[in-house]
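Residues per chain are reported as follows:
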Amino acid sequence: MRLLLVEDNARLASLIREGLDRQGFAVDWCETVDGAEHALKINEYDLLLLDLGLPDGEGLDLVRGLRRRQDMMPILILTARGGLDDRVLGLDAGADDYLVKPFQIPELAARCRALLRRPGASLGTELNVGNVILHSAERSVAVAGLAIEAPPREVDLLECLLRRAGHVVAKPALEGALYSMDAEVTPNALEACMSRLRKRLSAAGADVQIRTVHGVGYALFAPVTVYDATANG
């Protein structure tokens, strides 16, 4: 899942990004309303994390602008303004949740997952294709009922493929979901991650297939059921 964090405190932004990265999120960061507007124009995000008091304007104006454009991306406000009136104002402006600073990263991550699980959002609680199951909240994977160990990046990659099972997912879309804008990514990073994921699933006895569509991307397919014409006599 790819998030946009709009926060003008560089130290806090760094802590949030590091913490959410360990929770399996890719987080882009900008410090201003203008920076957020630009990022939202050139990238697709699953969730917006937004401070209110920004150097070039008010975060709520960004919320109102997005909602006027019928952009229903989940928005979680992160602010030191903890009064009841402030919370009501933020939610009425169109935000989906409101978290008062200071906060703990596990709670922030849990709130992100909760927003992404809402109807129409990006994150279901359980993804199941063939004998492979991914539990999004726990970031856990099981094959044929047995849990397997997989690093966060491979879990993210598998999740992207499971959500679009039966369809080709373009390479840029996968890279955008797995890596933030300023991440140091080698040219073959996605291919290497895909190779490791395939080997891990194969070793565990997974019955799904991940096919390469050269020049385009990758697609995950459910196992093919072979009909036995003799079974009915």
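We now turn to the structure provided with this report. What you see is a predicted model, and the numbers here were worked out from it, not measured in a lab.

**Let's talk about the packing of helix 3 (residues 59–68) against helix 4 (residues 84–93)**
- Packing of helix 3 against helix 4 leaves a shortest axis separation of 9 Å and a crossing angle of 25°. Classified by the angle their axes make, helix 3 and helix 4 are roughly parallel. Of the residues in helix 4, those touching helix 3 at Leu60, Val63, Arg64 and Arg67 are Leu89, Gly90 and Ala93.
- Of the residues belonging to the contact of helix 3 with helix 4, the class tally is four nonpolar, one polar and two charged.

**Quick notes on the packing of aromatic side chains**
- Throughout the structure, instances matching the rule amount to zero aromatic pairs.
- For Arg211, the ring lying beneath its charged end belongs to Phe221, and the centroid distance is 4.3 Å.

**A word on the pairing of strand 9 (residues 132–135)**
- Residues Val132 and Leu134 line the buried face of strand 9, whereas the alternating positions Ile133 and His135 sit on a face that is not buried.
- Alignment of strand 8 (residues 126–129) against strand 9, held across four bridges, turns out to be antiparallel. Across the sheet, Glu126 pairs through a bridge with His135, a residue of strand 9.
- Here strand 8 folds back onto strand 9, and the loop between the two strands holds two residues, one of which, Gly130, carries a positive phi near 60°.
- Bridging between strand 9 and strand 10 (residues 140–143) involves four bridges; their strand directions are antiparallel. Bridged to Val132 within strand 10 is Val143.

**Some points on the sheet that holds strand 9**
- The strand order 8-9-10-11 describes an open sheet built from four strands, whose pairing is antiparallel. The sheet is open, and its two edges are formed by strand 8 and strand 11 (146–148), each paired on a single side. Neighbour to neighbour, the strand axes of the sheet diverge by 25° on average, direction disregarded.
- Each of strand 8, strand 9 and strand 10 touches helix 6 (residues 152–163); the most contacted strand, strand 9, lies at about 110° to it.

**Overview of the environment of Asp28**
- Inspection of the secondary structure assignment puts Asp28 in strand 2 (residues 26–30).
- Counting along the chain gives 26 residues from Asp28 to Arg2, while the straight-line C-alpha distance between them is 7.7 Å.

**Some words on the pattern of salt bridges**
- Following the criterion strictly, the structure yields 13 salt bridges and no others.
- A salt bridge links Arg111 to Asp97; the shortest N-O distance between them is 3.0 Å. Here Arg111 is found in helix 5 (residues 105–116), whereas its partner Asp97 is found in strand 7 (residues 97–100), with 14 residues between them in sequence.
- For Arg111, a relative accessible area of 25% corresponds to the partly exposed category.
- Here Glu107 and Arg111 are joined by a salt bridge, their closest N and O atoms 3.0 Å apart.

**Comments concerning the side chain of Arg67**
- Relative to the elements of secondary structure, Arg67 occurs in helix 3.
- According to the relative accessible area criterion, Arg67 is buried, its value standing at 14%.
- Within the local environment of Arg67, its side chain forms a polar contact with the backbone oxygen of Gly94, the two atoms lying 2.9 Å apart.

**Section: the packing of helix 6 against helix 7 (residues 171–178)**
- At a closest axis distance of 10 Å, the pairing of helix 6 and helix 7 adopts a crossing angle of 135°. Taken together, the axis directions place helix 6 and helix 7 in an arrangement best described as oblique. Considering the relative orientation of helix 6 and helix 7, their crossing is right-handed. Counting all contacts with helix 6, which are made through Arg153, Asp156, Leu157, Cys160 and Leu161, the residues of helix 7 involved are Leu174, Ala177 and Leu178.
- Along the lines of polarity and charge, the residues of the contact of helix 6 with helix 7 split into six nonpolar, no polar and two charged.

About the thresholds
Every chain begins its residue count from 1, and numbering advances along the sequence as written. In keeping with the model being predicted, local features are shown solely for residues with a pLDDT of at least 70 and side-chain atom pairs are shown and tallied solely at 80 or more, while totals for entire chains, interfaces and linings include all residues. Neither water nor hydrogens contribute to the side-chain values; these are computed over all heavy atoms in the structure. Lines fitted to C-alpha atoms define the axes, with helix axes restricted to the stretch in contact, and inter-axis angles between N-to-C directions lie between 0 and 180 degrees. The helix and strand labels rest on DSSP assignments: H or I over at least four residues marks a helix, E over at least two residues marks a strand, and numbering proceeds from the N terminus. Working definition: roughly parallel below 35 degrees, roughly antiparallel above 145 degrees, roughly perpendicular at 65 to 115 degrees, and oblique for all remaining angles. We call two residues in contact whenever any of their non-hydrogen atoms come within 4.5 Å of each other. Only Asp, Glu, Lys and Arg are considered charged, only Ala, Val, Leu, Ile, Met, Phe, Trp, Tyr, Cys and Pro nonpolar, and every remaining residue, Gly among them, polar. The criterion for an aromatic pair is that two Phe, Tyr or Trp rings (for Trp, the six-membered ring) have centres within 6.5 Å, with stacked assigned to planes under 30 degrees apart, edge-to-face to planes over 60 apart and tilted to the rest. Only when the NZ atom of a Lys or the CZ atom of an Arg is both within 6 Å of the ring centre and within 35 degrees of the ring normal do we say a charge sits over the ring. For every residue, the accessible area obtained with a 1.4 Å probe (protein chains only) is divided by the maximum for its type, and the residue is called buried under 20%, exposed over 50%, and partly exposed between those limits. A pair of strands is labelled paired if DSSP reports no fewer than 2 bridges between them. The working definition used for a salt bridge is a side-chain nitrogen of Lys or Arg within 4 Å of a carboxyl oxygen of Asp or Glu. A 3.5 Å cut-off defines polar contacts: any pair of N or O atoms within that distance qualifies, except that in protein one atom must be a possible hydrogen donor and the other a possible acceptor, and neighbouring residues in sequence count only when both atoms are side-chain atoms. Here a crossing is called left-handed whenever its near helix is offset anticlockwise from the far helix by less than a right angle, and right-handed whenever the offset is clockwise.

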